[in-house]
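Chain residues, written in single-letter form:
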Amino acid sequence: MHEFQILIILIILLALMFDFINGFHDTANAIATSVSTRATSPRAAIIMAAFLNFCGAMYSTGVAHTIGGDIVKSAEHVNELILIAALGGAIFWNILTWWFALPSSSSHALVGGIIGAVLVSAGSSGLNYFGIEKIVLSLILSPVIAAITGCAVMTLLFIIFGRCKPSSINNKFKKMQIFSAAMMAFSHGSNDAQKSMGIITLALLSAGYIQVFDVPTFVKIMAAVAMACGTAVGGWKIIKTVGGKIFKLEPISGFAADLNSSIIIFSATLMALPVSTTHVVSGSIMGVGTAKRVKAVRWGVAKQMFIAWVLTIPSTAAVAAIIYKLLKLFF
């Protein structure tokens, strides 16, 4: 097989691997709250999340267009080695943070990987700074908005149900949590799976296999299946961190966090903006916890997560740059 074709196949395999890892890395986003409050069993939650992740991934391709078209100026500034290096950097970071049970952003990791690989190959002139600014702002602002709206939603629920018996309310909200977790799983798939779709489509475009940036149906299906399979594996280390170490959730607060997160993530999908589901869910839980009592939130854990978030883009950019330089020695 021609060397060029081998590189394209490698990019597709790495993108699907990234999607798979994203699935088990970010499973916590969809099911951690419902599992931690025992609204549903871990097995049932994962099966539901895997199915709805697949459905969400098939919903649209707006985020894929943003990832594939807004980071670099044009397909001319992208080659196979850049995409391999970008995916390598993102995969490395996802596995590293999963190992240490740190919720981090797969979206940040991929964006950082692309930026680092393009910088060492085409220089700063190859980057679309307006597009990067839009993407980074959406990644930064989304958890802040999630924290504010999460606090507002929880406060509203306190006002409405504050005089009811806690045991009665928790039993009712356990059932409602299944619905909010389903919304969360669908919205997660609708946003996160599109990132690898964008990379694969960009590779096909730069190689001349397609003439315009339009995500083929087979690419959507492959990415959706990869994410669903990753979700089915589950990322239990991060589930424990998100579900219990930030704030001790109850069914009503778990419902509020999931509902708030799903609305924000799906709204971003409709606007074709990539967001970090990890950041949004964590921000929502912090906001919900703050509504109950500021000291109820374990800010030490939140600080560790914040550090991981800040380090993600520069770290993946550096790793991707190193991988690109190593690849150039052989190709």
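So, how was this worked out
- Residues numbered from 1 in each chain as written.
- Predicted model: local features only at pLDDT ≥ 70, side-chain atom pairs only at ≥ 80, totals over all residues.
- Heavy atoms only, no water.
- Helix = DSSP H or I, 4+ residues; strand = E, 2+ residues; numbered from the N terminus.
- Buried < 20%, exposed > 50% of the residue type's maximum accessible area, 1.4 Å probe, protein only.
- Contact = heavy atoms within 4.5 Å.
- Axes fitted to C-alpha atoms, helices over the stretch in contact; angles between N-to-C directions.
- Parallel < 35°, antiparallel > 145°, perpendicular 65-115°, else oblique.
- Left-handed = near helix turned anticlockwise from the far one by under 90°.
- Nonpolar A, V, L, I, M, F, W, Y, C, P; charged D, E, K, R; others polar.
- Phe/Tyr/Trp six-rings, centres within 6.5 Å; stacked < 30°, edge-to-face > 60°.
- Expected span 1.5 Å × (residues − 1).
- Core = buried A, V, L, I, M, F, W, Y, C linked by side-chain atoms within 4.5 Å.
- Salt bridge = Lys/Arg side-chain N within 4 Å of Asp/Glu carboxyl O.
- Polar contact = N/O pair within 3.5 Å; in protein donor to acceptor, adjacent residues only side chain to side chain.

1. Some details on the overall build of the protein
For step 1, the next point in the chain: What the protein contains, in helices and strands, is 13 helices and zero strands.
For step 2, the next point in the chain: Written out in order from the N terminus, the α and β elements of the protein read α-α-α-α-α-α-α-α-α-α-α-α-α.
For step 3, the next point in the chain: Relative to its full complement of 331 residues, the protein shows a buried share of 58%.
For step 4, the next point in the chain: Nonlocal contacts in the protein, meaning residues at least 24 apart in sequence, comprise 87% of its contacts between residues at least 6 apart.

2. A look at the packing of helix α6 (residues 106-121) against helix α8 (residues 166-206)
For step 1, the next point in the chain: Between α6 and α8, the shortest axis-to-axis distance is 10 Å and the interhelical angle comes to 20 degrees. As summarised for this structure, α6 and α8 are arranged roughly parallel, according to the angle between their axes. The handedness of the crossing between α6 and α8 is left-handed. For the pair α6 and α8, the contacting residues are Ser 107, Leu 110 and Ile 114 in the first and Asp 192, Lys 195 and Ile 199 in the second.
For step 2, the next point in the chain: Per-class residue counts for the contact of α6 with α8 are three nonpolar, one polar and two charged.

3. Details of the packing of aromatic side chains
For step 1, the next point in the chain: Across all of its chains, the model carries five aromatic pairs by this definition.
For step 2, the next point in the chain: Ring centres of Phe 161 and Phe 173 lie 5.4 Å apart, and the angle between their planes is 90 degrees; this geometry places the pair in the edge-to-face category. Placement of Phe 161 in helix α7 (residues 129-161) and of Phe 173 in helix α8 is noted, with a sequence separation of twelve residues between them.
For step 3, the next point in the chain: Residue classification places Phe 173 among the buried residues on the basis of a relative accessible area of 2%.
For step 4, the next point in the chain: An angle of 50 degrees between the planes, with centres 6.0 Å apart, marks the rings of Phe 186 and Phe 266 as tilted.

4. A closer look at the side chain of His 279
For step 1, the next point in the chain: For His 279, the position within the fold is in helix α12 (residues 277-292).
For step 2, the next point in the chain: The contacts of His 279, once residues within four sequence positions are left out, are Ser 105, His 108, Leu 139, Pro 143 and Trp 309.

5. Brief notes about helix α9 (residues 217-233)
For step 1, the next point in the chain: Between its first and last C-alpha atoms α9 spans 25 Å; for 17 residues at 1.5 Å apiece the expected length is 24 Å, and the two agree.
For step 2, the next point in the chain: Within the sequence span of α9, burial applies to Val 219, Lys 220, Ala 223, Ala 224, Ala 226, Met 227, Ala 228, Gly 230 and Thr 231.

6. What to know about helix α3 (residues 42-57)
For step 1, the next point in the chain: Helix length check: α3 (16 residues) gives 22 Å between terminal C-alpha atoms against 22 Å at 1.5 Å per residue, within 8%.
For step 2, the next point in the chain: Every buried residue of α3 is listed here: Ala 45, Ile 46, Ala 49, Ala 50, Leu 52, Asn 53, Gly 56 and Ala 57.

7. Description of the nonpolar core
For step 1, the next point in the chain: One finds Leu 87, Leu 110, Ile 114, Met 197 and Ile 199 to be the most contacted residues of the largest nonpolar core, which totals 57 residues.
For step 2, the next point in the chain: Counting residues per element, the ones that place at least two in this core are α1 (3-25), α4 (62-69), α5 (80-99), α6, α7, α8, α9 and α13 (299-328).
For step 3, the next point in the chain: Here Leu 87 is in contact with Ile 11, Leu 14, Ala 15, Phe 18, Leu 110 and Ile 199, once residues within four sequence places are set aside.
For step 4, the next point in the chain: The next biggest cluster of nonpolar side chains, apart from the first, holds 20 residues, and it includes Ala 146, Leu 157, Ala 257 and Val 275.

8. Re the pattern of salt bridges
For step 1, the next point in the chain: Across all of its chains, the model carries two salt bridges by this definition.
For step 2, the next point in the chain: Linking Asp 70 and Lys 134 is a salt bridge whose minimum nitrogen-to-oxygen distance equals 2.7 Å. With Asp 70 in the loop between α4 and α5 and Lys 134 in helix α7, this residue pair connects regions lying 64 residues apart in the sequence.
For step 3, the next point in the chain: Judged by its relative accessible area of 18%, Asp 70 falls in the buried class.
For step 4, the next point in the chain: Since its relative accessible area comes to 33%, Lys 134 is described here as partly exposed.
For step 5, the next point in the chain: Across the pair Lys 195 and Asp 192 runs a salt bridge, and its minimum N-O distance is 2.6 Å. Highlighted residues: Lys 195 and Asp 192, both in helix α8, separated by three residues, approximately one helical turn.

9. Considerations on unusual backbone geometry
For step 1, the next point in the chain: Of note in this structure, Ala 272 is not a glycine but carries a positive phi near 60 degrees.
For step 2, the next point in the chain: Examined against the element boundaries, Ala 272 turns out to sit in the loop between α11 (251-270) and α12.

10. Topic: the environment of Asp 70
For step 1, the next point in the chain: For the pair formed by Asp 70 and Ile 135, sequence separation is 65 residues and the distance between their alpha carbons is 8.2 Å.
For step 2, the next point in the chain: The contacts of Asp 70, once residues within four sequence positions are left out, are His 65, Asn 128, Gly 131, Ile 132, Lys 134 and Ile 135.
For step 3, the next point in the chain: There is a polar contact of 2.7 Å between the side chain of Asp 70 and the side chain of Lys 134.

11. Some details on the packing of α7 against α11
For step 1, the next point in the chain: As a packed pair, α7 and α11 sit with axes 9 Å apart at the nearest point and diverge in direction by 135 degrees. By the criterion of interaxial angle, the relationship of α7 to α11 is oblique. The hand of the α7/α11 crossing is right-handed. Counted together, Ile 145, Ala 146, Thr 149, Gly 150, Val 153, Met 154, Leu 157 and Phe 161 of α7 and Ile 252, Ser 253, Phe 255, Ala 256, Asn 260 and Ile 264 of α11 form the full contact between these two elements.
For step 2, the next point in the chain: Across the contact of α7 with α11, the residue classes break down as ten nonpolar, four polar and no charged.

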